[in-house]
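# Structural features, examined
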Amino acid sequence: MEAAGTLFSEQGIAGTTVSQVCERADVARQTFFNHFATKHDLVLDIARRGHDFFLEALEAVRREELGTGDRIARFFETLYGAASAVGPMHQNLVAEVTRISLEMADEEFVTSLSRGVEKLLRAGRMQGDVSRRHPLEDQAALVQGALSNLFFDWTHRADFPIAARAARMARLLADVLAPGPDEQTTRS
């Protein structure tokens with residue numbers, strides 16, 4: 001996995017062969033095939049690990065003593081920071097893993113992501129900085145849509161200012177999700 005991740009980040013997924021992964025990992029080809037049927041299966045495993053990282057990052061920021069807007073900002077920072085750290089081909093790698101994640105996404109995969117965001121927003125409702133006027137699932141879809149758009153733009157534009165845009169999107173989401181003047185903002 002480590003060898004594949006390094007090569008993918010240096011050369012991209014399409015530019016990396018199973019033989020190169022085996023050479024970098026100093027293992028026989030058969031060892032690779034004992035773990036993965038194809039290179040695609042290896043990338044699926046990376047996508048699953050990305051999914052797990054996403055959920056762990058969500059849970060970590062949910063536990064922080066922050067307002068919901070700051071939690072969303074920290075979550076976005078964590079994700080783009082991790083994605084940026086994977087090397088010169090990071091945008092290509094993130095785009096390909098995202099594409100494959102959507103391809104493999106089953107109901108459990110999609111539901112667990114939605115539940116994680118809903119849990120974050122539910123905590124915001126409990127502290128009084130997330131509106132109760134709209135269904136939680138719709139608010140979660142809004143956050144997920146903003147995140148998807150951020151990564152889509154970033155993976156398709158080499159010069160995309162992801163840090164600045166992520167910060168602006170988090171502030172916008174905090175404003176949109178905030179209780180209106182007609183809502184009581186005390187904990188309930």
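Reading the values: the criteria
- Residues numbered from 1 in each chain as written.
- Predicted model: local features only at pLDDT ≥ 70, side-chain atom pairs only at ≥ 80, totals over all residues.
- Heavy atoms only, no water.
- Helix = DSSP H or I, 4+ residues; strand = E, 2+ residues; numbered from the N terminus.
- Buried < 20%, exposed > 50% of the residue type's maximum accessible area, 1.4 Å probe, protein only.
- Contact = heavy atoms within 4.5 Å.
- Phe/Tyr/Trp six-rings, centres within 6.5 Å; stacked < 30°, edge-to-face > 60°.
- 1 Å grid on protein atoms, 1.4 Å probe; cavity = no way out; pocket = protein on both sides within 12 Å on 5 of 7 lines; lining within 4 Å.
- Points joined across faces, edges and corners; volume = space filled by probe spheres on them.
- Nonpolar A, V, L, I, M, F, W, Y, C, P; charged D, E, K, R; others polar.
- Core = buried A, V, L, I, M, F, W, Y, C linked by side-chain atoms within 4.5 Å.
- Expected span 1.5 Å × (residues − 1).
- Salt bridge = Lys/Arg side-chain N within 4 Å of Asp/Glu carboxyl O.
- pLDDT = per-residue confidence, 0-100.
- Axes fitted to C-alpha atoms, helices over the stretch in contact; angles between N-to-C directions.
- Parallel < 35°, antiparallel > 145°, perpendicular 65-115°, else oblique.
- Left-handed = near helix turned anticlockwise from the far one by under 90°.

Here the focus is the side chain of Asp153. By the element assignment, Asp153 lies in helix H8 (residues 136–156). For Asp153, a relative accessible area of 18% translates into the label buried. Discounting residues that sit within four places of it in the chain, Asp153 has contacts with Phe160 and Arg165.

Counting across every chain of the model gives five aromatic pairs. Here Phe75 and Phe76 contribute two aromatic rings whose centre-to-centre distance is 6.2 Å and whose plane-to-plane angle is 45°, an arrangement assigned as tilted. The rings of Phe32, Phe33 and Phe36 are connected pair by pair, giving a single aromatic cluster.

Another aspect to go through is the layout of surface pockets. As a volume, the second largest pocket reaches approximately 160 Å³. Residue lining of the second largest pocket: Met1, Ala3, Ala4, Val21, Ala25, Val27, Thr31, Phe32, His35, Phe36 and Leu42, and that is the complete set. Sorting the residues of the lining of the second largest pocket by element identifies helix H1 (2–11), helix H2 (18–25) and helix H3 (29–35) as the ones contributing at least two each. In terms of residue count, the dominant contributor to the lining of the second largest pocket is H3 (three residues). Here the lining of the second largest pocket is composed, by residue class, of nine nonpolar, two polar and no charged.

By size, the foremost hydrophobic cluster in this structure holds 32 residues, and its most contacted members are Ile72, Phe75, Phe76, Leu121 and Phe151. Counting only elements with at least two residues in this core, the list comes to helix H4 (39–63), helix H5 (68–84), helix H7 (107–127), H8 and helix H9 (162–177). Counting residues per element, this core draws most heavily on H8, which supplies eight residues. Apart from residues lying up to four places away in sequence, Leu121 is in contact with Thr68, Val130, Leu136, Gln139, Ala140, Val143 and Leu177.

Another point: H8. If you check H8, its first and last C-alpha atoms are 30 Å apart, about what 21 residues at 1.5 Å a residue would give, namely 30 Å. Turning to H8, its buried residues are Leu136, Gln139, Ala140, Val143, Ala146, Leu147, Leu150, Phe151, Asp153, Trp154 and Thr155.

So, about unusual backbone geometry. Although it is not a glycine, Asp26 adopts a positive phi angle of roughly 55°. Residue class for Asp26 comes out exposed when judged on its relative accessible area of 71%.

This next bit is on the pattern of salt bridges. Throughout the structure, instances matching the rule amount to ten salt bridges. Note that Arg157 and Asp159 form a salt bridge whose closest N and O atoms lie 3.7 Å from each other. According to the relative accessible area criterion, Arg157 is partly exposed, its value standing at 36%. Taking relative accessible area as the criterion, Asp159 reaches 61% and is therefore assigned exposed. Several salt bridges converge on common partners, so that one network encompasses Glu59, Arg62, Arg63 and Lys119.

Turning next to the environment of Pro161. Its place among the elements puts Pro161 in the loop between H8 and H9. In this structure Pro161 comes out as partly exposed when scored by relative accessible area, which is 40%.

Below, the discussion takes up the confidence of the model for the protein chain. Summing up the model confidence of the protein chain, the mean pLDDT is 85 and the portion of residues at 70 or higher is 87%. Element-level mean pLDDT values for the protein chain span from 67 in helix H6 (residues 90–104) up to 94 in H9.

Where H5 meets H9, the axes come as close as 8 Å, and the angle between the chain directions of the two elements is 155°. Regarding the angle of H5 to H9, the classification is roughly antiparallel. The handedness of the crossing between H5 and H9 is right-handed. Along its contact with H5, which presents Gly69, Ile72, Ala73, Phe76 and Tyr80, the element H9 presents Ile162, Ala163, Ala166, Met169, Ala170, Leu173, Ala174 and Leu177. Among the residues forming the contact of H5 with H9, the class breakdown is twelve nonpolar, one polar and no charged.

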